[in-house]
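Overview (structure and organization)
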Amino acid sequence: MKVIVPIKRVVDYNVKVRPLNDESGVDLNNVKMSINPFCEIAVEEAVRLKEAGSATEIVAVTVGSQASQEQLRTALALGADRAVLLETNDNVEPLGIAKLLAKLCEEEKPDLIILGKQAIDGDNNQTGQMLAALLGFPQATFASELKINDGVATVTREIDGGLQTIAVNLPAIVTTDLRLNEPRYASLPNIMKAKKKELNVIDASSLGIDFVSRLTTLKVELPPSRDAGVKVESVEELVDKLKNEAKVI
Amino acid sequence: MKILVIAEHDNHSIKASTLNTVAAGKKLDGELDVLVMGSSCADAVNEAAKISGINSVISIDGSHLENALAEETANNAADIASQYTHVFLPATTFGKNIMPRLAALLDVQPISDIIEIIDGSTYKRPIYAGSCIATVKTEQSLIIASVRTTAFDAAQIGDAGVNVTSQDPKDSLAISNFVGEELAKSDRPELTAADIIISGGRGMQSGENFSLLEGIADKLGAAVGASRAAVDSGFVPNDYQVGQTGKIVAPNLYIAVGISGAIQHLAGMKDSKVIVAINKDEDAPIFQVADYGLVADLFTALPELESLL
Ligand SMILES: Cc1cc2nc3c(=O)[nH]c(=O)nc-3n(C[C@H](O)[C@H](O)[C@H](O)COP(=O)(O)OP(=O)(O)OC[C@H]3O[C@@H](n4cnc5c(N)ncnc54)[C@H](O)[C@@H]3O)c2cc1C
Ligand SMILES: Nc1ncnc2c1ncn2[C@@H]1O[C@H](COP(=O)(O)O)[C@@H](O)[C@H]1O
């Protein structure tokens, strides 16, 4: 079984981003970049499938600039076998990314594609579902458990009311939720080995896909700030304030 | 403008998220229809027809639509959606699952999680866990969006029903199957609908200790929530999680207990009207968003709070 894992280079989750002074976008100067946490979980899940003997090859893919080679190397160090960079300096939206990934999947013919449920920069939560639609594959989103058996993926999904289990025919799309697994750390020997693994760079514009943006960002601003609150000295004072000042209980 | 809202329901009744989504749709100037796809869902359809201010309801009833599998719902909604200028779904796990699939079938780049409608083509949405708010505009002739339910007051349900038209379902794609569901059962209000929420974090130390919160929740008629750390530690089930990647809530009162206030948690609750934080670390970031902060050990503060209510 061949597994493709699309990953994204994003601002590290510990960084608190701010708008640029002219509000034209977010300030990404000198901020730490990492592999999107949900994509890391996706890579880990693929590696576990390989260790369990059900996956035979793992291909990590990203749409992005040269700089995202760094995140592909991270995926290789975690256990992906090879990597593909669909290189572009454009800001590509989920529909464009899904189209580019669909094109690659037509050639690679994976049995399973594992994506993160959302990239923590745009918080879109779209790409996996869109790729599934474009390929005509079933989708199991927000996965917290994945089992593969006889050409069927049985997936437990985190939904608002609790957990739902569905069975999807392979080839299928799975998107990861936080509790699917806890990703390992790449060991130093594996980081060294990753440097020698195959990383294929393809010019995204050579694929004949239209990935022009459909949305324009007019402005990026801070959310309304909350007024500074007060510290209360005791539980009694707290209850009094909630009853008589805020009037919420 | 012609607006379609795809309803979230459980075949018997309409979910509150549908009412918020209709309210968002009604901010646009145009006729609004509601699409209900389900199985033996006449009750839900009848309830949808009573949502005030809508034009009509379209219903598609088929056994393969019972569990809102994305493949089937998107496939059935696509032709209908293409006749509208705007298609809105709630940004719940129901809507997040279906909305992008539907959009891709129609070659549309959708807009996730809108919190404000500036005009028919311009919307505000949070990015980077709510650290920033982006204003986005699109020239697409069909706009598909998911609606952050806490950002729009619910539409009302009235007495009179609007016209309902039924359409035949498309054949099942037969590529996915519902296996089962473990839905949390609780006598307390749902997190996303509660007026008051009391949430616990890693500071609670164990699942048993959540009974300290439950006692207070019972007195206040509150829902109980949690941080990711509390869920990951196995104190409570996943559907308790509030945050960037859990539930987005905005109750009148949110009480955070033993929660440090990581940006990913704040993303899910900082639009609450009044925020209370109880934490033994006076420098915990949660105090920066709290209207009332109490620096205390939760194991002494919670029993005292319960007895004073
Ligand atoms: C991609 C991603 C997505 C995430 N999504 C979410 C999300 O949706 N929701 C979410 O909550 N988190 C999310 N997180 C995790 C988030 O970054 C934090 O790790 C998490 O919120 C911390 O939970 P906590 O505050 O309970 O734990 P901690 O940060 O460990 O804080 C525990 C707090 O309890 C206090 N405390 C301890 N003992 C006591 C006591 N006896 N009395 C009083 N106070 C006490 C401590 O002072 C401390 O402030 C996400 C992280 C990532 C990477
Ligand atoms: N530029 C990209 N290249 C490859 N995969 C991506 C890219 N952007 C998003 N993805 C995948 O889609 C998932 C969801 O992203 P999003 O729809 O942007 O929230 C991510 O976790 C990745 O697995």
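Preceding block: the structure.
Residues numbered from 1 in each chain as written. Chains lettered and ligands numbered in written order. Predicted model: local features only at pLDDT ≥ 70, side-chain atom pairs only at ≥ 80, totals over all residues. Heavy atoms only, no water.

Focus on the sheet that holds strand 9 (residues 143-147) of chain B
Residue and element names in this part refer to chain B.
- With parallel pairing, 7 strands are arranged side by side in an open sheet as 5-9-4-1-2-3-10. Strands at the two margins of the open sheet, each flanked by one partner only, are strand 5 (111-114) and strand 10 (163-167). Averaged over neighbouring strand pairs, the angle between their axes works out to 25° when direction is ignored.
- With 5 bridges connecting them, strand 3 (residues 56-61) and strand 10 associate as parallel partners. (Pairing = 2+ DSSP bridges. Helix = DSSP H or I, 4+ residues; strand = E, 2+ residues; numbered from the N terminus. Axes fitted to C-alpha atoms, helices over the stretch in contact; angles between N-to-C directions.)

Side note on the site of ligand 1
- Close to ligand 1 lie 30 residues; Arg202, Ser227, Ser260, Gln264 and Asn279 of chain B are nearest.
- Around ligand 1 the close residues trace back to chains A and B.
- A distance of 3.0 Å is found between an oxygen atom of ligand 1 and a backbone nitrogen or oxygen belonging to Gly258 of chain B.
- For ligand 1, a nitrogen atom lies 3.4 Å from a polar atom in the side chain of Asp297 of chain B.
- The protein chains hide 86% of the 980 Å² of surface that ligand 1 would expose on its own.
- Counting only elements with at least two residues in the shell around ligand 1, the list comes to helix 1 (37-51) of chain A together with helix 6 (228-232), helix 7 (263-269) and helix 8 (298-308) of chain B.
- Class assignment of the residues belonging to the shell around ligand 1 gives a composition of 12 nonpolar, 13 polar and 5 charged. (Near = heavy atom within 4 Å. Polar contact = N/O pair within 3.5 Å; in protein donor to acceptor, adjacent residues only side chain to side chain. Areas by Shrake-Rupley, 256 points an atom, 1.4 Å probe, with all protein chains shown as cover. Nonpolar A, V, L, I, M, F, W, Y, C, P; charged D, E, K, R; others polar.)

Brief notes about helix 3 (residues 94-108) of chain A
Residue and element names in this part refer to chain A.
- Compared with an ideal rise of 1.5 Å per residue, which puts 15 residues at 21 Å, helix 3 spans 20 Å between its outermost C-alpha atoms and is within 8% of the ideal.
- Counting buried positions along helix 3 gives 12 out of 15 residues, so the element sits mostly inside the fold.
- Among all positions in helix 3, only Pro94, Leu95, Gly96, Ile97, Ala98, Lys99, Leu100, Leu101, Ala102, Leu104, Cys105 and Glu108 are buried.
- Positive backbone phi, approximately 50°, marks Lys109, located one or two places after helix 3. (Expected span 1.5 Å × (residues − 1). Buried < 20%, exposed > 50% of the residue type's maximum accessible area, 1.4 Å probe, protein only.)

Thoughts on the environment of Ile114 of chain B
Residues and elements named next belong to chain B.
- Mapped onto the secondary structure, Ile114 falls in strand 5.
- Note on Ile114: relative accessible area 0%, which makes it buried.
- Residues in contact with Ile114, not counting those within four places in the same chain, are Phe88, Tyr123, Lys124, Arg125, Ala145, Ser146, Val147, Arg148 and Phe152. (Contact = heavy atoms within 4.5 Å.)

Things to note about the packing of helix 4 (residues 127-135) of chain A against helix 4 (residues 93-105) of chain B
- The N-to-C vectors of helix 4 of chain A and helix 4 of chain B enclose an angle of 45°; their axes lie 7 Å apart at closest approach. Classified by the interaxial angle, the pair formed by helix 4 of chain A and helix 4 of chain B is oblique. At the point where helix 4 of chain A passes helix 4 of chain B, the crossing takes the right-handed sense. Here Gln129, Met130, Ala132, Ala133 and Leu134 of chain A of helix 4 of chain A come into contact with helix 4 of chain B, specifically with Lys96, Asn97, Pro100, Arg101, Ala103, Ala104 and Leu105 of chain B.
- Counted by class, the contact of helix 4 of chain A with helix 4 of chain B contains 8 nonpolar, 2 polar and 2 charged residues. (Parallel < 35°, antiparallel > 145°, perpendicular 65-115°, else oblique. Left-handed = near helix turned anticlockwise from the far one by under 90°.)

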